[in-house]
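Listed below, chain by chain, are the residues.
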There are 2 protein chains.
Amino acid sequence: MSYTVAIMGATGAVGTEITELLGERNFPVKKLRLLASARSAGKTLEFAGEGIAVEELAHDCFGGVDIVFASAGGSVSREFAPSAVKAGAVVIDNTSCFRMDPEVPLVVPEINPEVLKNHKGIVAVPNCSTIIMVLPLFPLHRKFGARRTVVSTYQAASGGGAAAMRELYEETRALVGGEDFKREIFPQQYGFNLFPHNAPMKDTDSAGYNEEEVKMMVESAKIFGEDMKITATCVRVPVMRAHSESLNIEFERPFTVEEAYRVLDDAPGVIVHENRDANEWATPVDASGKDPVLVGRLRRDKTVANGLELWVVGDQLRKGAALNAIQIAEQMIVDHVI
Amino acid sequence: MSYTVAIMGATGAVGTEITELLGERNFPVKKLRLLASARSAGKTLEFAGEGIAVEELAHDCFGGVDIVFASAGGSVSREFAPSAVKAGAVVIDNTSCFRMDPEVPLVVPEINPEVLKNHKGIVAVPNCSTIIMVLPLFPLHRKFGARRTVVSTYQAASGGGAAAMRELYEETRALVGGEDFKREIFPQQYGFNLFPHNAPMKDTDSAGYNEEEVKMMVESAKIFGEDMKITATCVRVPVMRAHSESLNIEFERPFTVEEAYRVLDDAPGVIVHENRDANEWATPVDASGKDPVLVGRLRRDKTVANGLELWVVGDQLRKGAALNAIQIAEQMIVDHVI
């Protein structure tokens, strides 16, 4: 059994990562269709040793497509996903468009694969920072009961797409070269600088939080299937493609740090990555291009009962986006729901 | 009245900042002596329009010196500060050497200037990350009672000294130029990367925390004169000279976000710096070269009773080190304890 796969946003940072991973993982691709805006149509990208021309995305382009990976932005998904579903495809959506829609499963396959059965044509991939956080948080929560989590992120340029990565690179090159540079993506200097995530502010229930932070707070609850107390601070740092996160978790039940390490040693999609003797811990460069989320620096926080501090780093483009999407498709194939 | 001032570590990042600030603030300098290792002796640095030759630091070099600013590292302070005190000088020490010594006042002049009167020749300047955190934390604590604080830092290269700043710059230049680079200061890639602070690990009471984190936790309590529940995660990010910090504070008493803003509006050494409508907040570039610590992004954390999130950015070399040291000397002059 193999599938006709289409990628919406095929020339973007996540789209190209999906193409690469489909090959790397020997995903059963019968035919690959690369969809993008008119601007990119006609370009040729390589897959499985042959060049594939990029087609312009259109409402009537989904005939015969089994699986659509969507990563062209929320408004594009909102407009085109229904057409793909109508044409019989399953849409695995990397945008925020449908994540909180109660009809749409929001899935990290290591955590809640069972909800895939309930899909009605669209499955949502959580926000990258959410995925990277919940992979270690979920198994710890199951074992010790997470009462409250405080997270601060250190997010890479890739979260803003390929153009944001280019801007960080070009601005940094201009800074070390003493040249002028005109930013087009971010309002504030990014090279040798950082800034609170520029996602729009929420004005109502979560006054003062930005949308990226709210995603981490509400998506986690939907994925875990229960209320979760999470408060987030999201920050963009001048790093290319892996997000880091500092997690402080207060548990319901007592634990030892050794037990917590064992939980993470056994957790799918997670690797304990640290060299305690050398005082070296996971960095974005270590995580870049890798599938698992790297964790370490577990230590007891004595300011609260059952407190744990830990450090998490994950490739934003892989597990934070493209890999999670493909794992969803793989799981749906196994479950015969695609 | 004017003073003979000596700077130990005069050619370092903090030492040169002290020299600059002495001029900028019209500190009453009768004579400036620049002390450094044999390697730097003979160099000439400028102060108040004239060149001053750097002298080699020696035990017998403190004759006639009134004030010593020490920023040449903990082991240098440990060896030479007693000689300076014996010669009649007051030592204002920017290293960690004497900070937790019960005989030595640890001072942020906006917070605990009254302890300067108790000095016995040495006054300690807190760790840079500590100073930047406590400036907003203290007035909020006085007003609402801080029960527990969770902090994650985003620390600049300047915390590692001038050589660390050079290494970040040169490594980044090599990365954008596609050249090889051999690191000498940090064990892990710093350009376009970040890593948990490389201060040595603590093995006993605070197992798993590194010394930088423990400094934030214990120095704050000494400065406030009471036990404080603070847990810290310290991270070095590829930024030049200003530290950012994400603070989550749980207060004893109820407050409104507007009240918290008012407390910070009135707090000495702190400026509310944000453009909420434009979704732009303080960044390290905004804080660089500035005296006050910039704060903003105050928002209610609903995961706990009386929870507050905020964002703090301060110049590590100014308020985090050199400026705080000079302010201590200025206060001691006012108090006639120098």
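On a predicted model such as this, the values are computed, not experimentally measured, just so you know.

Definitions and cut-offs
- Sequence positions are assigned chain by chain, starting from 1 and proceeding in written order.
- Lettering of chains starts at A and numbering of ligands starts at 1, both following the order in which they are written.
- Local features in this predicted model are restricted to residues whose pLDDT is 70 or higher, and side-chain atom pairs enter the listing and the counts only when it is 80 or higher, whereas totals over whole chains, interfaces and linings include all residues.
- By the criteria applied, helices consist of DSSP H or I runs no shorter than four residues and strands consist of E runs no shorter than two, each listed in order from the N terminus.
- Burial is judged by counting other C-beta atoms within 10 Å of a residue's own C-beta: 20 or more means buried, 12 or fewer means exposed, and anything between counts as partly exposed, with every C-beta placed from the backbone.
- Our contact criterion uses C-beta atoms placed from the backbone: two residues qualify when those atoms are within 7 Å.
- Lys, Arg, Asp and Glu make up the charged group, whereas Ala, Val, Leu, Ile, Met, Phe, Trp, Tyr, Cys and Pro make up the nonpolar group; the residues left over, Gly among them, are polar.
- For this analysis, nonpolar core means a set of buried Ala, Val, Leu, Ile, Met, Phe, Trp, Tyr and Cys residues linked through C-beta atoms within 7 Å.
- When DSSP finds two or more bridges between two strands, those strands count as paired.
- In superposing the copies, a least-squares fit is computed on C-alpha atoms, taking residues whose pLDDT is at least 70 in both.
- Boundaries of every domain are those given by an automatic assignment or by a domain database.
- Between N-to-C directions, angles cover 0 to 180 degrees, with each direction set by a line fitted to C-alpha atoms, over the stretch in contact for helices.
- A helix is expected to reach a length of 1.5 Å times the quantity of its residues less one.
- The term bend refers to the angle at a residue between two fitted axes, each drawn through seven residues, those ending there and those starting there.
- Note: the arc covers the axis-to-C-beta directions of the helix.
- Should an angle fall under 35 degrees it is called roughly parallel, over 145 degrees roughly antiparallel, and 65 to 115 degrees roughly perpendicular, with every other angle called oblique.
- When the near helix sits turned anticlockwise from the far one by under a right angle, the crossing is termed left-handed; a clockwise turn instead gives a right-handed crossing.

When you go through chain A residue by residue, the secondary structure sums to eight helices and 17 strands. Along the longest, intermediate and shortest principal axes, the C-alpha atoms of chain A span 60 × 55 × 45 Å. The buried share of chain A, taken over its 338 residues, is 55%. Sequence-distant contacts, at least 24 apart, represent 66% of the contacts inside chain A between residues at least 6 apart.

Let us now look at the interface of chain A and chain B. Between chain A and chain B, the residue contacts involve 48 residues of the former and 49 residues of the latter. A class-by-class count of the residues in the side of chain A that touches chain B yields 25 nonpolar, 15 polar and eight charged.

Another aspect to go through is the nonpolar core. One finds A:Val68, A:Ile92, B:Val68 and B:Ile92 to be the most contacted residues of the largest nonpolar core, which totals 208 residues. Sequence-distant contacts of A:Ile92, that is, excluding residues within four places in its chain, are made with A:Ile67, A:Val68, A:Phe69, A:Ala70, A:Val123, A:Val125, A:Ala325, A:Ile328 and A:Ala329.

A few words on the pairing of strand 12 (residues 242–251) of chain B. Residue and element names in this part refer to chain B. Strand 12 sits mainly inside the fold: 10 of its 10 residues count as buried. Here strand 12 shows no split at all, with Ala242, Ser244, Ser246, Asn248 and Glu250 on one side and His243, Glu245, Leu247, Ile249 and Phe251 on the other all buried. Sheet topology note: the strand 8 (residues 146–154)/strand 12 ladder contains eight bridges and is antiparallel. Paired with tyrosine 154 across the bridge in strand 12 is serine 244. Across nine bridges, the pairing between strand 12 and strand 17 (residues 307–315) is antiparallel. The residue bridging glutamate 250 from the neighbouring strand is glycine 307, located in strand 17.

To continue, consider unusual backbone geometry. Residue and element names in this part refer to chain B. A positive phi angle, close to 55°, is found at asparagine 306, a residue other than glycine. Relative to the helices and strands, asparagine 306 is located in the loop between strand 16 (293–301) and strand 17. Residue classification places asparagine 306 among the partly exposed residues on the basis of 17 C-beta atoms within 10 Å. The residue histidine 336 is not glycine, and still its phi comes out positive at about 55°. Looking at the secondary structure, you find histidine 336 in the segment after helix 8 (318–334).

Each copy superposes on the other: chain A lies on chain B with an RMSD of 0.0 Å after a rotation of 180° and an axial shift of 0.0 Å. As the rotation angle and translation indicate, the two copies are arranged about a two-fold axis. Interface overlap between copies is the fraction of interface residues in one copy that are interface residues in the other; for chain A against chain B it reaches 100%, indicating a shared surface.

What follows deals with the domain arrangement of chain A. Residues and elements named next belong to chain A. Here chain A is described as being made up of domain 1 (3–126 + 321–334) and domain 2 (129–316). Relative to domain 2, the C-alpha centre of domain 1 lies at a distance of 25 Å. Taken together, the contact between domain 1 and domain 2 spans 14 residues of the former and 19 residues of the latter. The element contributing the most residues to the side of domain 1 that touches domain 2 is helix 8 (residues 318–334), with three residues.

This next bit is on the sheet that holds strand 13 (residues 270–272) of chain B. In sheet architecture, strand pairing relies on hydrogen bonds along the backbone and comes in two forms, parallel and antiparallel. Residues and elements named next belong to chain B. With mixed pairing, six strands are arranged side by side in an open sheet as 10-8-12-17-16-13. Across the chains shown, the open sheet's two edge strands, defined by having one partner strand only, are strand 10 (230–233) and strand 13. Taken over all neighbouring pairs, the strand axes of this sheet differ in orientation by 25° on average, direction set aside. Strands in contact with helix 5 (residues 211–224) are strand 8 and strand 10; relative to strand 10, the strand with the most contacts, it is inclined by about 155°. Running over the sheet, helix 8 touches strand 12, strand 16 and strand 17 and is turned about 60° from strand 17.

Let us now look at helix 2 (residues 74–86) of chain B. Residues and elements named next belong to chain B. Here helix 2 spans 19 Å end to end across 13 residues, near enough to the 18 Å set by a 1.5 Å rise per residue. The largest bend in helix 2 is about 35°, located at phenylalanine 80, with the proline proline 82 one to four residues further on. Where the residues of helix 2 are buried, they touch strand 1 (3–8), strand 5 (67–70), strand 6 (90–93) and strand 7 (122–124). Glycine 88 occupies a position one or two residues after helix 2 and carries a positive phi of about 100°.

For the rest of this paragraph, the subject is the sheet that holds strand 16 (residues 293–301) of chain A. Residues and elements named next belong to chain A. The sheet built from six strands is open, its strands ordered 10-8-12-17-16-13 with mixed pairing. Of all the strands in the sheet, just strand 10 (230–233) and strand 13 (270–272) have a single pairing partner and so form its edges. Taken pair by pair, the neighbouring strands of this sheet meet at an average axis angle of 25°, ignoring direction. In this structure, strand 8 (residues 146–154) lies alongside strand 10, joined through four bridges in parallel fashion. Directly across from serine 152, in strand 10, lies its bridge partner threonine 233.

Quick look at helix 4 (residues 162–177) of chain A now. Spanning 16 residues, helix 4 of chain A covers 22 Å between terminal C-alpha atoms, matching the ideal 22 Å at 1.5 Å per step. For helix 4 of chain A, every residue scored as buried is listed here: A:Ala164, A:Glu167, A:Leu168, A:Glu171, A:Thr172 and A:Leu175. The arc that holds the buried residues of helix 4 of chain A, viewed along the axis, is 125°, so those residues lie on one side. Close packing links the buried residues of helix 4 of chain A with helix 4 (162–177) of chain B.

Before going further, it helps to spend a moment on the environment of B:Val76. Residues and elements named next belong to chain B. Relative to the assigned elements, valine 76 resides in helix 2. Residue classification places valine 76 among the partly exposed positions, given that 19 C-beta atoms sit within 10 Å. Separated by 21 residues in sequence, valine 76 and cysteine 97 place their C-alpha atoms 9.0 Å apart. Discounting chain neighbours no more than four positions away, the residues touching valine 76 are Met8 and Gly9.

So, about the pairing of strand 5 (residues 67–70) of chain A. Residue and element names in this part refer to chain A. Of the two faces of strand 5, the one carrying Ile67 and Phe69 and the one carrying Val68 and Ala70 are both buried. Pairing of strand 1 (residues 3–8) with strand 5 involves four bridges; the strand directions are parallel. When the bridges of strand 5 are listed, methionine 8 appears paired with alanine 70. Sheet topology note: the strand 5/strand 6 (residues 90–93) ladder contains four bridges and is parallel. The partner of isoleucine 67 across the bridge, within strand 6, is valine 90.

On to the packing of helix 3 (residues 128–144) of chain B against helix 5 of chain B. Pairs of packed helices are described in terms of their axes, by the angle between the two and the distance that separates them. Residue and element names in this part refer to chain B. Contact geometry of helix 3 with helix 5 gives a least axis separation of 10 Å together with a crossing angle of 40°. Classed by the angle they form, the pair helix 3 and helix 5 counts as oblique. With respect to the hand of their crossing, helix 3 and helix 5 are arranged in right-handed fashion. Listed contacts from helix 5 to Ser129, Thr130, Met133, Val134, Phe138 and His141 of helix 3 are Glu212, Lys215, Met216, Glu219, Ser220, Ile223 and Phe224. When its residues are assigned to classes, the contact of helix 3 with helix 5 shows six nonpolar, four polar and three charged.

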